[in-house]
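Here are the chains, one letter per residue:
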Amino acid sequence: MLTDDASTAAQDPCPDREIESLREFDEVVARGTLAGYRVQSVDLTGRTRALLDTDTAEAVFLGCPMESEAAAKVRAGGALVFPPVPGLPFDPYRGTLYSPQELFEGLAEQGYAGTPDALAYAWFQRTKADGDIFSSMLRSIHDDAVSDALDELLAGSQVVGVMGGHALERGSEGYAGAARLGRALARAGLTVATGGGPGAMEAANLGAYAAPFADDMLDESLELLAKAPSFRPSVGEWAEAAFAVRERWPDGGTSVGIPTWFYGHEPPSAFASHIAKYFANATREDGLLARSNAGVVFLPGAAGTVQEIFDNATPNYYESRGEPTPMVLVDRDHWTRRLPTWPLLEALAEGRPMKARIALVDSVDEAPGALVSLGASRAASPTG
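Residues numbered from 1 in each chain as written. Predicted model: local features only at pLDDT ≥ 70, side-chain atom pairs only at ≥ 80, totals over all residues. Heavy atoms only, no water.

Undergrad: Sorry if this is basic, but what is going on with the confidence of the model for the protein here?
TA: Confidence in the prediction for the protein averages 94 pLDDT; 95% of positions are at 70 or higher. Residue range residues 1-9 is modelled with pLDDT below 50. Its contacts to residues more than four positions away, or to other chains, number three contacts. Note on residues 376-384: pLDDT under 50 across the span, and 18 contacts to partners over four residues away in sequence or across chains. (pLDDT = per-residue confidence, 0-100. Contact = heavy atoms within 4.5 Å.)

Undergrad: Just to check I follow, could you spell out the pattern of salt bridges for this structure?
TA: A full pass over the atoms with the stated rule returns 17 salt bridges. Between Arg-94 and Glu-102 there is a salt bridge, and its shortest N-O distance comes to 3.0 Å. Using a relative accessible area of 30% as the deciding quantity, one classes Glu-102 as partly exposed. With a closest N to O distance of 3.1 Å, Asp-365 and Arg-180 form a salt bridge. Here Arg-180 lies in helix α9 (residues 173-187) and Asp-365 lies in the loop between β11 (358-361) and α17 (367-373), a separation of 185 residues in the sequence. The partly exposed category is assigned to Arg-180, whose relative accessible area is 26%. (Salt bridge = Lys/Arg side-chain N within 4 Å of Asp/Glu carboxyl O. Buried < 20%, exposed > 50% of the residue type's maximum accessible area, 1.4 Å probe, protein only. Helix = DSSP H or I, 4+ residues; strand = E, 2+ residues; numbered from the N terminus.)

Undergrad: In this structure, what is going on with the environment of Gln-101? I would like to understand it.
TA: Its location among the elements puts Gln-101 in helix α5 (residues 100-103). Along the chain, Gln-101 and Cys-64 lie 37 residues apart, while their C-alpha atoms are 23 Å from each other. For Gln-101, the residues in contact, after removing those within four places along its chain, are Phe-243 and Arg-246.

Undergrad: Which parts of the structure should I look at to understand the sheet that holds strand β7 (residues 256-257)?
TA: The sheet built from seven strands is open, its strands ordered β8-β7-β6-β5-β9-β10-β11 with parallel pairing. The open sheet terminates on both sides in strands that have one partner only, identified here as β8 (274-275) and β11. By the bridge criterion, two bridges tie β7 to β8 in an arrangement that is parallel. From the neighbouring strand, Val-256 faces β8, where its bridge partner is His-274. Seen against the sheet, helix α10 (residues 200-210) touches β5 (159-163), β6 (191-194) and β7 and runs at an angle of roughly 160° to β6. (Pairing = 2+ DSSP bridges. Axes fitted to C-alpha atoms, helices over the stretch in contact; angles between N-to-C directions.)

Undergrad: Honestly, unusual backbone geometry in this entry has me stumped. Any pointers?
TA: Excluding glycine, residues mostly carry a negative phi; peptide bonds, for their part, are mostly trans. Backbone torsion omega between Arg-232 and Pro-233 reads 10°, so that peptide bond is classified as cis. Here Pro-233 is to be found in the loop between α11 (215-225) and α12 (235-248). Of note in the backbone geometry, Arg-17 takes a positive phi value of approximately 70° without being a glycine. Note that Arg-17 resides in the loop between α1 (4-11) and β1 (18-19). We classify Arg-17 as partly exposed; its relative accessible area is 31%. Positive phi is not limited to glycine here, since Glu-58 has a value of about 60°. Mapped onto the elements, Glu-58 comes out in the loop between α3 (48-53) and β3 (60-62). For Glu-58, a relative accessible area of 63% gives the class exposed.

Undergrad: Even after reading the chapter, I still don't get the packing of aromatic side chains, so can you show me in this structure?
TA: The way to describe two aromatic rings as a pair is by their centre distance and the angle between their planes. Under the counting rule described, the total for this entry stands at 13 aromatic pairs. Judged by centre distance (6.1 Å) and plane angle (45°), the ring pair of Phe-104 and Tyr-112 falls under tilted. Phe-104 sits in the buried class, given a relative accessible area of 4%. Accessibility expressed as a relative area gives 15% for Tyr-112, which makes it buried. Here a set of aromatic residues connected by ring pairs shows up, and it is made of Phe-90, Tyr-98, Trp-123, Phe-124, Trp-261 and Phe-279. Taking the ring centre of Tyr-98 as reference, the NZ or CZ of Arg-94 above it sits at 3.7 Å. Positioned above the aromatic ring of Phe-124, the side-chain terminus of Lys-128 is 5.5 Å from the ring centre. (Phe/Tyr/Trp six-rings, centres within 6.5 Å; stacked < 30°, edge-to-face > 60°. Lys NZ or Arg CZ within 6 Å of the ring centre and 35° of its normal.)

Undergrad: Even after reading the chapter, I still don't get the sheet that holds strand β2 (residues 38-40), so can you show me in this structure?
TA: Strand pairing in a sheet is mediated by backbone hydrogen bonds. Such pairs are either parallel or antiparallel. If you trace the four strands from one edge of the open sheet to the other, you get β1-β2-β3-β4, paired in parallel fashion. The open sheet has two free edges, formed respectively by β1 and β4 (80-82), since each of these has just one partner strand. As judged from the two bridges shared by β1 and β2, these two strands associate in the parallel manner. Pairing of Glu-18 across the sheet is with Arg-38, part of β2.

Now the structure itself:
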């Protein structure tokens with residue numbers, strides 16, 4: 001039986017005390033108090049009367065436009081107000097993840113250089129080395145807000161990370177294989193999470209997008225995308241091909257892309273339904289691996305993918321995140337001869353619990369089965 005406090009919490013429209021939309025704001029105000037709530041990036045210019053009439057003690061308003069009268073009142077009532085920062089191409093206080101449409105807004109009219117994604121990267125390039133603590137603080141606030149939104153989205157989900165090289169071109173067999181992998185994982189009820197960029201990452205997000213459709217949808221999509229095989233030399237043509245597929249087959253399956261403006265020359269995947277884009281690559285990379293609670297599939301890649309393998313192996317080795325999670329490396333020749341990562345991973349795992357959670361397979365089509373055999377379906381449960 002619920003206690004009185006639990007009953008109240010169960011009825012609270014924002015049990016985490018975070019208000020991220022006008023709908024949530026109105027529901028909380030209807031309960032009679034904003035005290036102790038955190039309001040993130042909600043335009044409150046039309047809610048002056050509600051702010052004047054409602055208790056705001058110990059509330060925090062992060063980047064919420066409001067009339068000066070309302071701002072003065074909530075400050076006097078014991079709230080902290082962090083005003084919007086003018087002139088930024090991004091919102092440091094955002095309460096939700098990005099969508100592809102948001103990051104690529106204006107693509108058709110202005111080209112990629114005029115999109116919010118490209119403008120944020122340009123701002124980052126201007127400010128990352130100037131030593132300005134204000135710019136550094138804004139990047140940190142933004143990335144923390146993105147992490148918070150990502151945790152809220154993935155709560156209770158079984159997440160499988162798919163890692164692989166950004167240079168893998170549309171039209172290649174490797175790209176098609178990564179797309180089939182993403183589709184198989186999504187159809188198995190898993191949430192696909194990638195590094196959010198082009199190449200193998202985009203392909204896995206495409207596969208998850210294709211999961212609700214008949215199999216021939218993916219085949220047709222691959223043919224259409226092959227006409228713009230790479231984001232070089234034109235990000236615009238590459239992205240427009242993706243949006244053409246989305247327009248032809250709307251309302252695809254969901255997945256997550258977790259890219260970074262540190263690699264701003266790599267555009268984000270338009271097939272990820274939710275995009276957690278970071279300024280700090282280390283925060284992004286560790287967060288992606290840490291949230292892959294049902295395992296990680298490593299497709300052929302170069303230095304970045306090798307780094308991700310051992311970034312993931314380290315907590316599995318020390319069990320610093322609990323029981324080791326599955327790691328499946330795809331392409332025996334690549335990981336034993338070209339970049340002999342597998343022998344070192346095997347040596348690290350010897351005599352430790354993680355040994356039962358690593359596998360090397362020859363083809364991408366074997367990866368879903370390998371995840372199952374390593375216990376991926378149980379990795380998110382408290383008992384492993």
